[in-house]
Amino acid sequence: EAGVAQSPRYKIIEKRQSVAFWCNPISGHATLYWYQQILGQGPKLLIQFQNNGVVDDSQLPKDRFSAERLKGVDSTLKIQPAKLEDSAVYLCASSSLGGGTQYFGPGTRLLVL
Amino acid sequence: GIQVEQSPPDLILQEGANSTLRCNFSDSVNNLQWFHQNPWGQLINLFYIPSGTKQNGRLSATTVATERYSLLYISSSQTTDSGVYFCAVPNTNAGKSTFGDGTTLTVKP
């Protein structure tokens, strides 16, 4: 069974630029999560989808971050415009149902200069 | 929201030693996961353990939900066990997870 796929693996941009990350969950998993992990901290949930609907986005900075999962499968997370403090690893995870075991992708390391 | 505290924050062991990592949470939960983040950043599932005890090789975990804590035991540690161990608990039945800040384990040869 293929795992959670993410791309790109690394991205370097300048502040005020835009960036997008892509995630493809494990086949059949209805729940998809995006996390932000700052160095030295645990992952922080940004947004959770159940199929193509948003379950929770209370910690998503909506003035600059957006995410979509239009067909209930893969998902895109966008930052526009980026700030220096957005430098982090962005992790995608999926589970077969809400509250179930989460499986993580390899993450995208973002550096904002 | 729910608070998750892990201890100790850092742990250094000699190869072959045993260790216990703790996760305290501030509210009742209906599931809990332990993860290992390897030096390359990949989060790997260890246990999904809302209550009781589970074992997988040299690792085992116990969750006492009524007392709001979980323990991860590592026996006969190896250098490959090095990394950061996280516990995560949900805030709601929908599965929104809150992670602790992790325990950084270093196993020396």
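Notes on the structure in this doc start here. (Residues numbered from 1 in each chain as written. Chains lettered and ligands numbered in written order. Predicted model: local features only at pLDDT ≥ 70, side-chain atom pairs only at ≥ 80, totals over all residues. Heavy atoms only, no water.)

### Notes on the sheet that holds strand β6 (residues 52-56) of chain B
Residue and element names in this part refer to chain B.
Alright, step 1. Pairing is antiparallel across the open sheet formed by five strands, whose spatial order is β1-β3-β8-β7-β6. The open sheet has two free edges, formed respectively by β1 (4-7) and β6, since each of these has just one partner strand. For this sheet, the mean inter-axis angle between neighbouring strands, taken without regard to orientation, is 15°.
Alright, step 2. Sheet topology places β1 next to strand β3 (residues 19-25); four bridges connect them, and they run antiparallel. Paired with S7 across the strands is R22, a residue of β3. (Pairing = 2+ DSSP bridges. Helix = DSSP H or I, 4+ residues; strand = E, 2+ residues; numbered from the N terminus. Axes fitted to C-alpha atoms, helices over the stretch in contact; angles between N-to-C directions.)

### Looking at the layout of surface pockets
Sizing a probe to match a water molecule and rolling it over the atoms shows the empty space that remains.
Alright, step 1. Computed from the structure, the largest pocket encloses a volume of approximately 380 Å³.
Alright, step 2. Lining the largest pocket are 20 residues, with Q37, I38, L39 and G40 of chain A together with Q37 of chain B sitting closest to its centre.
Alright, step 3. Secondary structure elements with two or more residues in the lining of the largest pocket: β9 (88-95) and β11 (108-112) of chain A together with β9 (83-90) of chain B.
Alright, step 4. Taken together, the residues of the lining of the largest pocket break down into nine nonpolar, nine polar and two charged. (1 Å grid on protein atoms, 1.4 Å probe; cavity = no way out; pocket = protein on both sides within 12 Å on 5 of 7 lines; lining within 4 Å. Points joined across faces, edges and corners; volume = space filled by probe spheres on them. Nonpolar A, V, L, I, M, F, W, Y, C, P; charged D, E, K, R; others polar.)

### A closer look at the sheet that holds strand β3 (residues 19-24) of chain A
Within a sheet, each strand pairs with its neighbour through backbone hydrogen bonds, oriented either parallel or antiparallel.
Residue and element names in this part refer to chain A.
Alright, step 1. Read from one edge of the open sheet, four strands run β1-β3-β8-β7, paired in antiparallel fashion. Only two strands of the sheet have a single partner each, and these edge strands are β1 (5-7) and β7 (65-68). The mean angle between the axes of side-by-side strands here comes to 15°, regardless of whether they run parallel or antiparallel.

### As for the interface of chain B and chain A
Alright, step 1. Facing 19 residues of chain B, the contacting portion of chain A comprises 24 residues.
Alright, step 2. Across the chain B/chain A interface, buried area totals approximately 1600 Å², and carbon plus sulfur atoms make up 46% of it.
Alright, step 3. Taken together, the links from chain B to chain A amount to zero salt bridges.
Alright, step 4. Between chain B and chain A we count seven residue pairs in polar contact (both at pLDDT 80 or more) in total. (Contact = heavy atoms within 4.5 Å. Buried area = accessible area lost by both parts, 1.4 Å probe. Salt bridge = Lys/Arg side-chain N within 4 Å of Asp/Glu carboxyl O. Polar contact = N/O pair within 3.5 Å; in protein donor to acceptor, adjacent residues only side chain to side chain.)

### What about empty space enclosed by the protein?
Alright, step 1. Counting across every chain of the model gives two cavities of 30 Å³ or more.
Alright, step 2. Empty space within the largest cavity amounts to approximately 40 Å³.
Alright, step 3. R9, Y10, V89, P106, G107 and R109 of chain A together with W40 and G41 of chain B together form the lining of the largest cavity.

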